[in-house]
Amino acid sequence: VPRPVSSAASYAPGLGARSHHAEMGLRGSLTSHGSGMEAAFRIEQRTLANGLRVIVHPDGSAPLVATHLMYHVGSRHEPPGRRGFAHLFEHLLFQGSENVPEGEHFRRIQAAGGTLNGTTWFDRTNYYETLPSGDLDLALWLESDRMGFFLPAITQEKLDNQRDVVKNERRQSYENRPYGLAVETMLELAYPPGHPYRHPTIGYMEDLDAASLVDVRGWFESWYGPNNAVLVISGAVDPEAAFARAEHWFGEIPARVVPESVPVPVVTEGVKSAGVITDRVSVPRVYLMFHAPAFPDPEFEPADVLCSLLSEGKSSRLYRSLVYDARIAADVSAFVWPTESAGMLWVVATGRPGVEARELESAISEVLEPLRADGPTEHEIEGARNRARRQLLRQLDSVTRRADLLAHAAVLRGDPDYLNQVGARYESISGAEVAAAAASILDPSRRTAVHVIPRTEG
């Protein structure tokens, strides 16, 4: 399943993304009691004079602190001819700043026993560190130097070097990986030309080649101001002290004029005929994408529970029918992406040897249509809610992941307190809500399909 592209190998998706990622600390907890779920995370927030939103989540369960700086800019903000620039820029931000030499950001964090990364997706770019709590100043200094003093350190040599790195990443993850071009093809089919969600975050080779130092300066000055960012500090910290340190390191960075939000045209119609890719694969794989609610939409959580009902666990409808009963699929998954706009619900099934992609898509439809027409059973709803609760608990099991989810909730929903509401929201989802989601989202007119089939010799 494609995830946001990153400068390193790890990524913790936002709430709602199905993934295989308690005691939540002395000052915040999320526990499941039988059929109920209660959440009470301590969350405090302030906005600096320059517009930087600072969110502090104290948790004294371990002597660690996670910092998470998320900018409200991603691949959907890229202009034509520069597809992939948001991700390329993320790479450049690790190449040093005015007071931090190239490679020093990684060296200092790792020398302190910490971890770090950055990722880019459609709607946002994030940078994060997890360190011993006594090293909070180190993380804040490094991030503030990038936000305030990045441009003096960038050179043509660094741009050319990271351009080559990103192009090689595209080759490895898309062009030379089995099934690697399926999602890119899906986006190009499902959205009209010019739509901001039509291209993959990794971008295109010709656009990466065209990127210049002028583009770097313009992107930084347009999007990387404190008034277009959220800073989350999560872990063993005193809130007042954390706010004071954030003010110390970021308070003097001036606000910038942020461009108007990129409009996202509403698309509800799918494409009737399937796109077909021949690839160096031994078995076919079918990708279906339905236009669906986005992350801030009140219908997002029912759509997520619908995905759990479809494919999570051996008793789920798609798994039981395709993998266990008919034995035409080796695996199947359903998931909804937590995007800010233009929501997408995906169904992906890998066939067994000898099975044709058309047969596999037909079998998926035979499962989806009765669900769309008749809705789920109460037993299915209960199981899907239970699985959603377990998933939520897994996603909130560390200060690092909570910092990530707080940043996503603040940037994409405008409300970090979503973490204190989401447990009750999933608990309250009714069969009628999931039935309504199935009837609306799984409408065949909203579906686009891509088949990846084995390439035959000659």
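Structure's up top.
Since the model is a prediction, treat every value here as computed from it, not as a measurement.

A. Spotlight on the overall build of the protein chain. The helix and strand tally for the protein chain stands at 15 helices and 14 strands. Its C-alpha radius of gyration of 22 Å places the protein chain within 12% of the 23 Å reference for a compact globule of 458 residues. Across its three principal axes, the protein chain shows a C-alpha extent of roughly 60 × 55 × 40 Å. Buried positions account for 56% of the 458 residues belonging to the protein chain. One way to put it: in the protein chain the 45 positive side-chain charges average out to a point 3 Å from where the 59 negative ones average out.

B. Examining the nonpolar core more closely. One finds Leu306, Leu318, Leu322, Val347 and Ile364 to be the most contacted residues of the largest nonpolar core, which totals 62 residues. The dominant element in this core, judged by the number of residues it contributes, is helix α13 (residues 399–413), at nine residues. The residues contacting Leu322, other than those within four sequence positions of it, are Arg327, Ile328, Ala329, Ala349, Leu360, Ala363, Ile364 and Val367. Counting residues in each nonpolar core, the second largest holds 50 residues, with Tyr71, Tyr127, Val216 and Ala246 among its members.

C. Spotlight on the pattern of salt bridges. Here the structure, examined in full by the defined rule, presents 24 salt bridges. The partner of Asp137 in a salt bridge is Arg245, with the nearest N and O atoms 2.9 Å apart. Note that Asp137 is positioned in helix α3 (residues 136–149) and Arg245 in helix α8 (residues 239–250), a separation of 108 residues in sequence. With a relative accessible area of 31%, Asp137 lands in the partly exposed category. With a shortest N-O distance of 3.5 Å, Arg425 and Glu301 are connected by a salt bridge.

D. Quick peek at the sheet that holds strand β13 (residues 343–351). The five strands lie next to each other as β10-β14-β11-β13-β12, forming an open sheet whose pairing is mixed. Every interior strand has two partners, whereas the edge strands, β10 (275–279) and β12 (329–337), have only one. Taking the axes of each pair of neighbouring strands and ignoring which way they run, one obtains an average angle of 15° across the sheet. As paired elements, strand β11 (residues 285–292) and β13 share eight bridges and run antiparallel to each other.

E. Quick look at the pairing of β11. Summarising burial for β11: eight of the eight residues are buried, a large majority. Bridging between β11 and strand β14 (residues 447–454) involves six bridges; their strand directions are antiparallel. Each bridged residue has a counterpart across the sheet, and for Met289 the counterpart in β14 is Thr448.

F. Region of the structure containing the packing of helix α2 (residues 104–111) against α3. Packing of α2 against α3 brings their axes to within 11 Å, and their N-to-C directions diverge by 170°. In this view, α2 runs roughly antiparallel relative to α3, as classed from their interaxial angle. Two secondary-structure elements touch here, α2 through His105, Arg108 and Ile109 and α3 through Leu138, Trp141, Leu142, Glu143 and Arg146.

G. Local environment of the side chain of Ser316. Position of Ser316 among the secondary structure elements: in the loop between α9 (300–311) and α10 (317–325). Once you skip the residues sitting within four places of it in the chain, Ser316 turns out to touch Ser308, Leu309, Leu310 and Ser311.

H. Structural view of helix α7 (residues 213–223). For α7, every residue scored as buried is listed here: Val216, Trp219, Phe220 and Trp223. All buried residues of α7 fall inside an arc of 100° around its axis, so they share one side. Packed against the buried residues of α7 are β6 (64–71), α1 (85–92), α3 and α4 (156–175).

I. Quick look at the pairing of strand β8 (residues 125–132). Along β8, seven of the eight residues are buried, which leaves the element largely enclosed by surrounding structure. Relative to β8, β6 runs antiparallel, the two being bridged by eight bridges. Bridge pairing links Leu69 to Tyr127 in β8. When strand β7 (residues 115–120) meets β8, the two strands line up antiparallel, connected through six bridges. What sits directly across from Leu116, in β8, is Glu129. Count of turn residues in the β7/β8 antiparallel hairpin: four residues.

J. Fine view of the packing of aromatic side chains. Applying the stated rule across the entire model yields 21 aromatic pairs. Relative to Phe122, the ring of Trp121 lies with its centre 5.7 Å away and its plane at 45°, an arrangement referred to as tilted. The same class applies to Trp121 and to Phe122, which are both buried. Put simply, the rings of Tyr71, Phe85, Phe89, Phe94, Phe106, Tyr127, Phe150, Trp219, Phe220, Trp223 and Tyr224 pair up and form one aromatic cluster. If you follow Arg146 out to its NZ or CZ, it ends over the ring of Phe94, 4.6 Å from the centre.

K. Local environment of α13. Compared with an ideal rise of 1.5 Å per residue, which puts 15 residues at 21 Å, α13 spans 20 Å between its outermost C-alpha atoms and is within 8% of the ideal. Burial of α13 is extensive: 12 of the 15 residues sit out of reach of the surface. Taken from the residues just after α13, Gly414 is the one with a positive phi, measuring 75°.

L. Here's a closer look at the environment of Ser144. Inspection of the secondary structure puts Ser144 in helix α3. Residues Ser144 and Leu52, 92 residues apart in the sequence, show an inter-C-alpha distance of 11 Å. Leaving out residues up to four positions away in the same chain, Ser144 has contacts with Phe149, Trp249, Phe250 and Ile253.

M. Local environment of the environment of Ser97. Along the chain, Ser97 falls in the loop between α1 and α2. Considering only alpha carbons, one finds Ser97 and Leu151, 54 residues apart in sequence, at a separation of 7.0 Å. Ignoring any residue separated from it by four or fewer positions in sequence, one finds Ser97 in contact with Asp145, Arg146, Phe149, Phe150 and Ala153. Within the structure, the side chain of Ser97 is placed 2.6 Å from the side chain of Asp145, a separation counted as a polar contact.

About the thresholds
- Residues numbered from 1 in each chain as written.
- Predicted model: local features only at pLDDT ≥ 70, side-chain atom pairs only at ≥ 80, totals over all residues.
- Heavy atoms only, no water.
- Helix = DSSP H or I, 4+ residues; strand = E, 2+ residues; numbered from the N terminus.
- Rg over C-alpha atoms; globule rule 2.2 N^0.38 Å.
- Buried < 20%, exposed > 50% of the residue type's maximum accessible area, 1.4 Å probe, protein only.
- Lys, Arg positive; Asp, Glu negative; His and termini not counted.
- Charge placed at Lys NZ, Arg CZ, Asp CG, Glu CD.
- Core = buried A, V, L, I, M, F, W, Y, C linked by side-chain atoms within 4.5 Å.
- Contact = heavy atoms within 4.5 Å.
- Salt bridge = Lys/Arg side-chain N within 4 Å of Asp/Glu carboxyl O.
- Pairing = 2+ DSSP bridges.
- Axes fitted to C-alpha atoms, helices over the stretch in contact; angles between N-to-C directions.
- Parallel < 35°, antiparallel > 145°, perpendicular 65-115°, else oblique.
- Arc of directions from axis to C-beta.
- Phe/Tyr/Trp six-rings, centres within 6.5 Å; stacked < 30°, edge-to-face > 60°.
- Lys NZ or Arg CZ within 6 Å of the ring centre and 35° of its normal.
- Expected span 1.5 Å × (residues − 1).
- Polar contact = N/O pair within 3.5 Å; in protein donor to acceptor, adjacent residues only side chain to side chain.

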